[in-house]
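Spelled out from the first residue to the last, the chains are:
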Amino acid sequence: MTDRIARRNILNNVMLTLTGLCALLTASILILILGFLVWNGWRSLNWNFFTKLPLSAGESGGGMANAIVGSGILILISIVIGVPVGFLGGVYLAEFGGKTVPMLVRYTADLLNGVPSIVIGIFAWTVIVVRSHHFSAWAGGIALSLMMIPIGLRSTEQFLRAVPNSLREGSLALGASKTRTIMTVIVPAAKQGILTGMILGVARIAGETAPLLFTSFNNQFWSNKLGEPTASLPFMIYYFAVSPYEDWHRQAWAAGLVLLVLVLLANIAARWVLARGVSVQRG
Amino acid sequence: MGTAVIAAPPQSRARKLVKLWRDGDQVAHLVTFLFAASVFLVTVVLVYELWIHSGPSRAKFGFSFLWKTTWDPVALQFGALPFIYGTVLTSFLALLISVPLGVGAAIFLAELAGPRTSNSCTFLVELLAAVPSVIYGLLAIFTLVPLLRQYGEPFLKRTLGFLPLFQGPAYGVGYLTAALILSIMTFPFIISISRESLLAVPREQREAALALGATKWESTWQVVVPYARLGIIGSVFLALARALGETMAVTMVIGNDTAIHTSLLAPGYTIAAIIANEFTEATGDVYLSSLIELGLVLFGLTMVLNASAQLLILATTRRGSKQE
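A.B. asks: What should I look at first to understand the overall build of chain A in this one?
C.D. replies: Along the backbone of chain A there are 11 helices and zero strands. In chain A, the succession of α and β elements from N to C terminus is α-α-α-α-α-α-α-α-α-α-α. Rg of the C-alpha trace for chain A: 24 Å, well past the compact-globule value of 19 Å for 283 residues, more than 25% over. For the C-alpha atoms alone, the extent of chain A along its principal axes is close to 75 × 70 × 35 Å. Counting every position in chain A, which comprises 283 residues, the buried fraction comes to 51%. Considering only contacts within chain A whose residues lie at least 6 apart along the sequence, 74% involve residues at least 24 apart. About 12800 Å² of surface is accessible on chain A, with carbon and sulfur atoms providing 68% of the total. Within chain A, the 10 negative side-chain charges are centred at a point lying 10 Å from the centre of the 20 positive side-chain charges.

A.B. asks: For this particular structure, what's the right way to read the overall build of chain B?
C.D. replies: Within chain B one finds 14 helices and two strands. Computed over C-alpha atoms, the radius of gyration of chain B comes to 26 Å, more than 25% over the 20 Å expected from 2.2 N^0.38 for 324 residues, which places it beyond the range of a compact globule. Across its three principal directions, the C-alpha atoms of chain B cover 90 × 70 × 35 Å. Relative to its full complement of 324 residues, chain B shows a buried share of 51%. Sequence-distant contacts, at least 24 apart, represent 72% of the contacts inside chain B between residues at least 6 apart.

A.B. asks: Teacher, can you tell me more about the domain arrangement of chain A here?
C.D. replies: One frequent convention defines the size of an interface as the accessible area lost when the parts assemble. Residues and elements named next belong to chain A. Entries for chain A in the domain assignment read domain 1 (2-44) and domain 2 (50-282). Counting from both sides, the interface comprises eight residues of domain 1 and, opposite them, six residues of domain 2. For the pair domain 1 and domain 2, the summed buried area comes to about 680 Å², and 83% of that belongs to carbon and sulfur atoms. Contact with domain 2 buries area across many residues of domain 1, yet Leu 37, Gly 41 and Ser 44 alone supply 64% of it, more than any other trio. Taken together, the connections running from domain 1 to domain 2 amount to zero salt bridges. Our count for the contact surface shared by domain 1 and domain 2 stands at one residue pair in polar contact (both at pLDDT 80 or more). Classifying every residue of the side of domain 1 that touches domain 2 gives five nonpolar, three polar and no charged.

A.B. asks: Can you help me understand the interface of chain B and chain A in this one?
C.D. replies: In this complex, chain B contributes 75 residues to the contact, which on the side of chain A involves 77 residues. Of the roughly 6600 Å² buried where chain B meets chain A, counting both sides, 81% is carbon and sulfur surface. When residues of chain B are sorted by the area they lose upon contact with chain A, B:Leu138, B:Phe142 and B:Trp217 head the list and together hold 9% of the total. Scanning the region where chain B abuts chain A turns up three salt bridges. It is helix H3 (residues 25-53) of chain B that contributes the most residues to the side of chain B that touches chain A, 18 residues altogether. Its residues assigned to classes, the side of chain B that touches chain A comprises 49 nonpolar, 19 polar and seven charged.

A.B. asks: When you look at the side chain of A:Asn218 in this model, what are you seeing that I'm missing?
C.D. replies: With respect to the helices, strands and loops of the structure, A:Asn218 is situated in the loop between helix H9 (191-206) and helix H10 (233-241). When sequence neighbours within four positions are dropped, the list of residues in contact with A:Asn218 reads A:Pro229, A:Thr230, A:Ala231, A:Phe235, A:Met236 and A:Tyr239.

A.B. asks: Any chance you could explain unusual backbone geometry here in plain terms?
C.D. replies: Comment: phi is negative for the bulk of residues other than glycine, and the bulk of peptide bonds are trans. All names here are of chain B. For Leu 76, which is not glycine, the phi dihedral falls at a positive 55 degrees. With respect to the helices, strands and loops of the structure, Leu 76 is situated in the loop between strand E1 (71-72) and strand E2 (77-78). When its relative accessible area of 31% is taken as the criterion, Leu 76 is described as partly exposed. Positioned with a positive phi, Asn 256 is a non-glycine residue whose angle comes to about 55 degrees. Residue position: Asn 256 is located in the loop between helix H12 (248-253) and helix H13 (271-278).

A.B. asks: What's the story with the domain arrangement of chain B in this structure? I'm lost.
C.D. replies: Residues and elements named next belong to chain B. Split into domains, chain B comes out as domain 1 (2-53) and domain 2 (63-323). For domain 1 versus domain 2, the separation of C-alpha centres amounts to 42 Å. With five residues of domain 1 in contact, the opposing surface of domain 2 contributes four residues. Interface area for domain 1 against domain 2, summed over the two sides, is near 470 Å², with a carbon-plus-sulfur share of 86%. Of all residues in domain 1, the largest losses of buried area upon contact with domain 2 belong to Val 47, Leu 50 and His 53, amounting jointly to 79% of the total for that side.

A.B. asks: Explain a nonpolar patch on the surface here, please?
C.D. replies: Residues and elements named next belong to chain A. Nonpolar side chains collect at one region of the surface, where Ile 10, Val 14, Leu 18, Leu 21 and Leu 24 lie side by side and expose about 470 Å² of accessible area between them. Residue placement: Leu 21 occurs in helix H1 (residues 2-44). Its relative accessible area of 46% is what places Leu 21 among the partly exposed residues.

A.B. asks: Please explain the environment of A:Ile81 as it appears in this structure.
C.D. replies: Residue and element names in this part refer to chain A. Relative to the helices and strands, Ile 81 is located in helix H3 (residues 65-96). Each C-alpha atom, one on Ile 81 and one on Gly 35, is 35 Å from the other, the two residues being 46 residues apart in sequence. Discounting residues that sit within four places of it in the chain, Ile 81 has contacts with Ile 142 and Ser 145.

A.B. asks: Can you help me understand the packing of helix H5 (residues 81-112) of chain B against helix H11 (residues 229-245) of chain B in this one?
C.D. replies: For any two helices packed against each other, the geometry is given by the interaxial angle and the distance between the axes. Residues and elements named next belong to chain B. With their axes 9 Å apart at the nearest point, H5 and H11 run at an angle of 140 degrees to one another. In this structure, H5 meets H11 at a crossing whose hand is right-handed. Contact with H5, carried on its side by Thr 87, Val 88, Ser 91, Leu 95, Val 99 and Val 103, involves Ile 232, Val 236, Ala 239, Leu 240, Ala 243 and Leu 244 of H11 and no other residues of that element. Looking at the contact of H5 with H11 residue by residue, the classes come out as 10 nonpolar, two polar and no charged.

Procedures and definitions
Residues numbered from 1 in each chain as written. Chains lettered and ligands numbered in written order. Predicted model: local features only at pLDDT ≥ 70, side-chain atom pairs only at ≥ 80, totals over all residues. Heavy atoms only, no water. Helix = DSSP H or I, 4+ residues; strand = E, 2+ residues; numbered from the N terminus. Rg over C-alpha atoms; globule rule 2.2 N^0.38 Å. Buried < 20%, exposed > 50% of the residue type's maximum accessible area, 1.4 Å probe, protein only. Contact = heavy atoms within 4.5 Å. Areas by Shrake-Rupley, 256 points an atom, 1.4 Å probe, with all protein chains shown as cover. Lys, Arg positive; Asp, Glu negative; His and termini not counted. Charge placed at Lys NZ, Arg CZ, Asp CG, Glu CD. Domains from an automatic or database assignment. Buried area = accessible area lost by both parts, 1.4 Å probe. Salt bridge = Lys/Arg side-chain N within 4 Å of Asp/Glu carboxyl O. Polar contact = N/O pair within 3.5 Å; in protein donor to acceptor, adjacent residues only side chain to side chain. Nonpolar A, V, L, I, M, F, W, Y, C, P; charged D, E, K, R; others polar. Patch = residues over 30% accessible without salt bridge, like charges linked within 9 Å, V, L, I, M, F, W, Y side chains within 5 Å. Axes fitted to C-alpha atoms, helices over the stretch in contact; angles between N-to-C directions. Left-handed = near helix turned anticlockwise from the far one by under 90°.

Structure follows, in structure tokens:
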């Protein structure tokens, strides 16, 4: 009997220690690789990286100014398309929808959210690149917006639904129309949450590479028009990392660090906005 | 809208429009409906476009596309099996590593660690889920690949080399490397969703098990984990869907070989990787549409997995909240 209890206690201790080791191992792997990225990226980062164009293979120096601007343009296009669709669609789901349509939209949004990014790339290619015969910033931005819409839509819906019904009733009882209620009462009450969702959406697409491979493609120079192939940071990281040149590898590390910092900052900002919103509502 | 407009005193057309807009619930309804419907429409068009553009390949190869093993752009013979094999193999291996570690870590974070450790660890893990895949690829190329080539793969060959799984030259790139990077990329999903499912298990379940004399581990493993199992399985499905569709990191380390190899050390290919590598260079209808059909196959695979994952997660969270 005591033997059995001792065995159970040993098993208990062993297994609990193992789970702790699992946590430690996963956390340390992740911290290690990130530390390595920061270390390598920091060594490779210099002022030229932000101000110069990439040089041709073999030459050392040069930077990724065009890719930084290009990424900005692509993200801007996807925000311009993705935020309104996500937001207004979410308002419909939470405030206007009946039964069937919201269910269908919700289901397809979840579906779209799970579509592999490379397939989104193919889709944007068939719809835009094939028809316009050009790789373009448009195609890339639209591909990215497709990845952003489901996140914006579902988070808008979720946070609007979380607004207490008494607020809606109060506003309607004062004689405000439904639209006015939504615009001046419900959306402001949920704005932190909605903003968080949108920032997370942007953070997700900012680092996406696969949808850009055959939509916005790449450009060694400045792109003057949205109808031209456009360089972007993620594409450059991929392109430079698989190249055989030492100097390009260095640039890839620097670009990786810049991209990572941007994405992580966006994520932390999103959490911060949400946390602040919650405390305001509670207070 | 109707009554508001009728009841209003006679107005100029422009003012009527302004009024209509201001408290025009119907207009708002319509506008928001159109935006919501566009999401549905885009998804339908996406499937339609994939279907139409894979037409030449479907017409030429039929279902044999799925199990043919040749990939010959010169002779225009295309089969998907090497890529399906590579995709499924790398994802499966990745989960083999990340599920035990991830669930173990989730148990630790949900059951043992104090709330502060647990929350800060989860915060870290969730940030890691946001790291772009191309960055994982970059890290894999310059750290994992050389390490595996120099130490990892020679070691595996020395110790387990009698198995057909660990034979052939150590390139550093290949199925094993892709699986390792995928396992690192899927940790965060498994940990954060499993942890949430575990936390949703009612306290009484633990207390009842402990009161009956179970050790902490027994209560966790025999009561709490089974209670949360659907959510945990859901997280695994989600991670699997993620791994199957993962493109950049895998493309950078898979080795790009269109043949099927038994050895895990050999270079291979996945569906997403071959699309990424060959799409812009593909010439001719059949070649291009074969690549698009591969995209369709990938889409189908991840769709089924995602749907099942969502159902499972929904089932657990519902049940958990009901009994709270």
